[in-house]
Structure formats: C-alpha cells, structure tokens
Amino acid sequence: MASQVASPSASLHTTSSSTTLSTPALSPSSPSQLSPDDLELLAKLEEQNRLLETDSKSLRSVNGSRRNSGSSLVSSSSASSNLSHLEEDSWILWGRIVNEWEDVHRKKEKQVKELVRKGIPHHFRAIVWQLLCSAQSMPIKDQYSELLKMTSPCEKLIRRDIARTYPEHNFFKEKDSLGQEVLFNVMKAYSLVDREVGYCQGSAFIVGLLLMQMPEEEAFCVFVKLMQDYRLRELFKPSMAELGLCMYQFECMIQEHLPELFVHFQSQSFHTSMYASSWFLTIFLTTFPLPVATRIFDIFMSEGLEIVFRVGLALLQMNQAELMQLDMEGMLQHFQKVIPHQFDGGPDKLIQAAYQVKYNSKKMKKLEKEYTTIKTKEMEEQVEIKRLRTENRLLKQRIETLEKESASLADRLIQGQVTRAQEAEENYLIKRELANIKQQSDEASAKLEQAENTIRKLQHQQQWHKCSSNYNEDFVLQLEKELVQARLSEAESQCALKEMQDKVLDIEKRNNSFPDENNIARLQEELIAVKLREAEAIMGLKELRQQVKDLEEHWQRHLARTTGRWKDPPKKNAVNELQDELMTIRLREAETQAEIREIKQRMMEMETQNQINSNHLRRAEQEVINLQEKVQYLSAQNKGLLTQLSEAKRKQAEIECKISRMISVNCHPSI
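Residues numbered from 1 in each chain as written. Predicted model: local features only at pLDDT ≥ 70, side-chain atom pairs only at ≥ 80, totals over all residues. Heavy atoms only, no water.

- Where an unreviewed UniProt entry is consulted, the protein chain appears under the name Ecotropic viral integration site 5 protein homolog isoform X10, with the organism given as Balaenoptera musculus.

Listed below in structure tokens is the structure:
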C-alpha cells in the first residue's frame, strides 16, 4: 500500500530515498537546529510548492496517485486548489513518510508521533491509519467477501443500532443507504470472525469513522487490528473487564491530580463510569464533533489509549471550577451539553492541554496490578459469598427440617402425656373397682361364714333333738325362728351370690381386655393351679351331692316310717311336721353348702383372676414407667434439637452479618 502513494515531490527528487527525516523538518519552529540536508530539503520543498501553483499537471498526477491508494473517500482535486503554503509542506512531508514508512517509522518514531499529534492531512489519513496499525497487508482481507455470505447471530442487534450511528451524517442518515449497508457489512463480518465479542454497542461509531476514510474491506482490516492490538477487544468483551480497569486507572489519576474534584464527585455519588465510559468505548467519537474526535483518533492510532486518559483528565482540569458548583444532575448536563461544544474552534488547545497532563506508564502498570489484585480478591469473595449463601440455604433447610422434627417430637410428647393421663385414669378406675370387688368379696365371705355358723347351730340343735325325746312348744317356736333366720340368710346369700356372679362376669370381661403375651409360662402355672383347685371343688361338690342324696334317702325312709303316724294326736302331728320341716331344712342346708362350695370355687377363680389382673396392672404400671422414661428421653432429645436449632440460627446470623460486611466492602465504585 505504501508503494502506491506518490508524494508531490517524488517526481522531481529522485534521490529522496537516501535522505532521512529529521526533527527540524517536522518541527519548523526550530530552524536554528536544521542540518544542511534538511535545509536542502526545505529549499526543494519550496521550489516544488511553486511548481505546484503553476503546473496543474502535477496536481493531476497527485490526484491520480491518491486515487490509486484505495482511499475512495479522498477528493484531492477540490482540496488542492485551496492548499496553503503550510499545507503544501505537510503534503510533501506526509507523502515522503508514506513512501518511506518502514525506515521512517523505525528510525524516527518519536518525530512521527509529534507529527501525528499536529494532525494527519485528511487525504493521507486512510493510508496513514493503515500504516500505523499495520493493517495494509492482512490475510483476513481476502476472507471478507466470504464472511458477508454467512449469517451472523448478531444481525438483528446490528440492524437495530445502525440507524443510531452518526444519524446526522450524510453518509449514514438515509435508511438503507450505502453508508448504512457497508457499516452493517463490516460489523457483521467482525461478529463472525470474533464470536466471543460478537457485536457490542459503541463499536459501530469506530467502524463508521473508518468508513468515512476508506473502503469497507480496508476499514474491516483496520478495525480487526484495533480490536486485537489496541485493547478494544478487551473493552468490548461481554465482561468489559478492561473498561473496569480503565475506570479504576482514570479515577486514581483524578484522585492524584484533582483531589478536590475527586472529593466532590464522591460526595455527589458521581461515579467515573457515568461520564467516562463512552470516552473509552468510542474514543470521544460520541462526545465531540467529528473534526475534534478525528484529531484525537489520529493520536489514538499512534499512541493507543493513553490519549484518552490525557484528554479526559485535561477536560476535567479545564472544567473543574464549573463542576465544583454543580450537583450530580447538573454535572451530567454539563458533560452532555457544554463540554462537547467547547472546542468547536479547533482541538489544538485541548491536545496541548492533554500533553501537559503527567502520565506515568509505570504507575499505570502498577494500578493495573492493583486492580487485578482487587478483582481477584473480589472474585474470591464472590466465591466465598456464593459458598456462604449455599451454606446458608442448606442451614435454612436444616433448620426447617429440625423445626419439623421438633414439632413432631412435641406432638408425640403431648400425645404421650395424654396417653399417660388416660392410662393413669384407667388404672385409677381399675384399682377402685378392684377395691369395691374386694370389699364385696369380704362381705360375701362374712355372710358365708355367718351362714356356716347358723348351719352348725342347726346341726347341734338337730343332734340335741335326736337325743331329747320330749318336744315342747318353746322348742317348736325356737325351730320356727331358726327357720325364718335360715330363709333370710338363704335370701341374702342368693342376692350376694348373684352380685358376685355379676362382678365375676364383669371382671372376666375386663380380664379379656388385657392380653398377656409376655408371661405365658406364669399364666400356664396359674391355670394349672386353678384347674387343681377346680378339681378339688368338683370333688367336694360331688361329696355334697352324695350327702344330699343320702339325706334324701334318709328322708324317704323317714316318710315311710311316719306314714302310719298321721292318726296320732295333734301335738304329735305338729312335732312330726317340725321334724319334716327340719329334714327339709337339712336338705336345703346341704344344697346351700354345695352352693357355698361353688361360691368358694368362684371366689378362688376370682382371686386367681384378681392376681392376673394385678399382674396386668403391674405390667401396665411398668409400661407407664417405660413411657415416662421415653417421654423424658424425647424431652431431652427435643432440648438438644432446640439447642442445635438456636446454634444454627446463631450461625446463620453470623453468616448474614459476614455477607453484609463483604457487600459493604465491595461498594467501591467501579464498572
């Protein structure tokens, strides 16, 4: 590309390739330091300028060489007619620099930077930009046409922002115009080349400026170089980590050079990213008019992001007095409305002020390391916060589980207490019923003993009557009384027997409600004992029945003997009736004894059942004791769970306090 550009002096000076470019040639303000070669060069430049004024063919040759350079947007014919003497010198110098770029840039890099700071001529800007970023021979240029045939996932976003890129510029303001189309093509091609970055809002302004100077293929190559070598790719990454670094460095510069303004910004919560982020993302293309922004972009192409820091700090220095009087909203309005039009007359004052700013590259590297350390610490803290939040969530889940378990244990405890109270009440009722049964059994035993005594008395009286041959009326009355008493005792015994039978049935029912699974061997022994007593009672009952049978036989024989005595005197008949009644009483006595034996048997069974019930009661009491121990164990476990729950809540409070402290530490303003 450099070989295609011919300067106006190239056709007249064939020995120019052997001449070096010195600092005085680039800085006319110091003529006393010019070397003889430089003086000769200046003389030749003046001669060439005169030739340019008189020879239109030379101008046409210059125009032709400019068209061959590939800069489609350069119009040399209209500009050359208005060239001043200084502009003509600049043309000649830049033409020579372009033709001898490799040697000049390698040997006179500092002088080239000084020349760039004074501004690149519009007609040389396209080729110089390409030379500055080494984009004139990139292999990716051949892939551009193929990239346009592909589909990008960012096309919708690019189309949306196209209309908002330089909306007042003639090249881009028309919808679906050539400018919008080539801008879309370049942005789409880059989104396919660098899929990690894709498309970022703001990069279109840089591409738009490039398209104002050169065709779309060359603009694409320059933009790729800018993204790769000028830190723009890091700025436009989704994380925008590089932008955060720039904000941190710029904020430290403000704190160092403008401490009062820095304090004012802090008091108003006016963060650096609120006004300076667009400066770094668009290189002031959205801040200043194009002539000013283009001059800054010239220097950016030569020196990188350093010019952004310098210009930004120079702007703050020049506007410090006004900014100190404004609040946050007023400062925003000042940055948006006032600052963009402060340099409509030309950017020289701003650039001069920018290079009066002290910029220390070593300190910027140190700040970069500090920022990296801070970010690494923040990442570690974020990981720690994430871990603590995860642990907090798990603790909350554990607390919920413990609360549920505690509620369940509390319910079980309450249910156990209720069951215990019910069992205690049932045990009390059973004890009271057993006491009543025991009292009734004692009363029945007393009545049976009284009946036995009465029977014995009757037997003694009977024996006495057998021995006595004389019966008198007193004896008959006594027998009648005893008969009445015996009948009363019999009735009472029947009532008591019925009551005891009812109680026995009730006890049997209650005994059936107490299953015995643990003491089968003991119950079998008790059952054997009961059966033995039952066998003894059956034998006794048989003996009583045999006695009753003997008495009946004796009674029959007595009736047979007394059959012929009915004709005896009335007194004798009365005695006989009494004897008959006495025999009847004896029969009933025998039957009563048999019933008493049965009642005793039933009483033995009742005592056995009472013993079984006592065993059941002891087992129930043991179960109640076991239940109490279990309730105490559950209470102790519940207390332990409550202690664990309080400890978990305390730990959760500590974690939340730690998280809040970390968040307060991380509140330092950054992007």
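What to know about the overall build of the protein chain
Next, step 1: A tally of regular secondary structure across the protein chain gives 26 helices and zero strands.
Next, step 2: Sequence separation of 24 or more characterises 81% of the internal contacts of the protein chain that already satisfy a separation of 6 or more.
Next, step 3: Total accessible area on the protein chain is roughly 38,000 Å²; 51% of this is exposed by carbon and sulfur atoms. (Helix = DSSP H or I, 4+ residues; strand = E, 2+ residues; numbered from the N terminus. Contact = heavy atoms within 4.5 Å. Areas by Shrake-Rupley, 256 points an atom, 1.4 Å probe, with all protein chains shown as cover.)

Observations concerning helix α18 (residues 290-303)
Next, step 1: With 14 residues, α18 should cover 20 Å at 1.5 Å per step; its first-to-last C-alpha distance of 19 Å lies within 8% of that length.
Next, step 2: Among the 14 residues in α18, 12 count as buried, and that is most of the element. (Expected span 1.5 Å × (residues − 1). Buried < 20%, exposed > 50% of the residue type's maximum accessible area, 1.4 Å probe, protein only.)

Let's talk about the packing of aromatic side chains
Aromatic ring pairs: the centre-centre distance and the angle between the two ring planes describe each pair.
Next, step 1: Per the counting criterion, the structure on display carries 25 aromatic pairs.
Next, step 2: Pairing Phe250 with Trp279 gives two aromatic rings, centres 6.1 Å apart and planes at 80°, and the pair type is edge-to-face. Of this pair, Phe250 sits in helix α15 (residues 241-257) while Trp279 is found in helix α17 (residues 273-282), placing the two residues 29 residues apart along the sequence. Assigned by exposure class, Phe250 and Trp279 land together as buried. (Phe/Tyr/Trp six-rings, centres within 6.5 Å; stacked < 30°, edge-to-face > 60°.)

Focus: the packing of α17 against helix α19 (residues 306-318)
Next, step 1: Interaxial distance between α17 and α19 falls to 10 Å at its minimum, and their mutual angle equals 145°. In the crossing of α17 with α19, the sense of the turn from one axis to the other is right-handed. Residues Tyr275, Trp279 and Phe280 of α17 touch α19, and the partners they reach there are Val308, Phe309, Gly312, Leu315 and Leu316.
Next, step 2: Grouping the constituent residues of the contact of α17 with α19 by class yields seven nonpolar, one polar and no charged. (Axes fitted to C-alpha atoms, helices over the stretch in contact; angles between N-to-C directions. Left-handed = near helix turned anticlockwise from the far one by under 90°. Nonpolar A, V, L, I, M, F, W, Y, C, P; charged D, E, K, R; others polar.)

Some points on the confidence of the model for the protein chain
In regions of low pLDDT, the predicted coordinates are not meant to be interpreted in detail.
Next, step 1: Averaged over all residues, the pLDDT of the protein chain is 76; the fraction at 70 or higher stands at 74%.
Next, step 2: Low pLDDT (under 50) marks residues 1-35, which in the prediction has 66 contacts with non-local residues, meaning those over four places away or in another chain.
Next, step 3: Here residues 48-83 scores under 50 on pLDDT; set against residues more than four positions off or in separate chains, the count is 54 contacts. (pLDDT = per-residue confidence, 0-100.)

Observations concerning the pattern of salt bridges
Next, step 1: Inspection of the entire model under this criterion finds 20 salt bridges.
Next, step 2: Measuring nitrogen to oxygen at the nearest pair gives 2.5 Å for the salt bridge that ties Asp194 to Arg233. A residue pair is termed long-range when its members are at least 10 positions apart, and Asp194 in the loop between α11 (178-193) and α12 (203-211) and Arg233 in helix α14 (residues 232-236) qualify at 39 residues.
Next, step 3: Asp194 sits in the buried class, given a relative accessible area of 8%.
Next, step 4: One continuous salt-bridge network, built from bridges that share partners, spans Asp194, Glu196, Arg233, Glu234 and Lys237. (Salt bridge = Lys/Arg side-chain N within 4 Å of Asp/Glu carboxyl O.)

Remarks on the environment of Val222
Next, step 1: Tracing the backbone shows Val222 in helix α13 (residues 216-229).
Next, step 2: Judged by its relative accessible area of 0%, Val222 falls in the buried class.
Next, step 3: Residues Val222 and Trp129 lie 93 residues apart in sequence; the distance between their C-alpha atoms is 7.8 Å.
Next, step 4: The residues touching Val222, leaving out its near neighbours within four places in the chain, are Gln130, Cys133, Ala135, Leu210, Met214 and Met301.

Section: the nonpolar core
Next, step 1: If you look at the biggest cluster of nonpolar residues, it comprises 112 residues, and the most contacted ones within it are Phe280 and Phe288.
Next, step 2: Top contributing element to this core by residue count: α15, with nine residues.
Next, step 3: Among residues more than four places away in sequence, those in contact with Phe280 are Leu235, Leu243, Cys246, Met247, Phe250, Leu305, Val308 and Phe309.
Next, step 4: Of all hydrophobic cores here, the second largest spans six residues; its members include Leu448, Ile596, Ile599 and Met606. (Core = buried A, V, L, I, M, F, W, Y, C linked by side-chain atoms within 4.5 Å.)

A few points about the packing of α12 against α13
For any two helices packed against each other, the geometry comes down to the angle between their axes and how far apart the axes lie.
Next, step 1: Two elements in contact, α12 and α13, have axes whose closest approach is 9 Å; the angle formed by their N-to-C orientations is 135°. Viewed along their axes, α12 and α13 adopt a mutual orientation that is oblique. By crossing handedness, the relation of α12 to α13 is classed as right-handed. Counted together, Ser203, Ile206, Val207, Leu210 and Leu211 of α12 and Glu216, Ala219, Val222, Phe223 and Leu226 of α13 form the full contact between these two elements. (Parallel < 35°, antiparallel > 145°, perpendicular 65-115°, else oblique.)

What about a negative patch on the surface?
Next, step 1: A cluster of acidic residues, Asp550, Glu552, Glu553, Glu591, Glu595 and Glu598, forms a negative patch on the protein surface.
Next, step 2: Put simply, the parts of the chain that give the negative patch at least two residues each are α25 (520-561) and α26 (570-665).
Next, step 3: Position of Glu552 relative to the elements: it lies in helix α25. (Patch = residues over 30% accessible without salt bridge, like charges linked within 9 Å, V, L, I, M, F, W, Y side chains within 5 Å. Lys, Arg positive; Asp, Glu negative; His and termini not counted. Charge placed at Lys NZ, Arg CZ, Asp CG, Glu CD.)

Comments concerning the side chain of Lys188
Next, step 1: In this structure, Lys188 sits in helix α11.
Next, step 2: Excluding its chain neighbours within four sequence positions, the residues that come into contact with Lys188 are Leu147, Leu148, Met150, Thr151, Ser152, Glu155 and Ile158.

Considering unusual backbone geometry
Next, step 1: Residues other than glycine seldom take positive phi values, yet Arg231 does so here, at roughly 70°.
Next, step 2: When you line up the elements, Arg231 lands in the loop between α13 and α14.
Next, step 3: For Arg231, a relative accessible area of 30% corresponds to the partly exposed category.
Next, step 4: Although it is not a glycine, Ile283 adopts a positive phi angle of roughly 55°.
Next, step 5: Mapped onto the secondary structure, Ile283 falls in the loop between α17 and α18.

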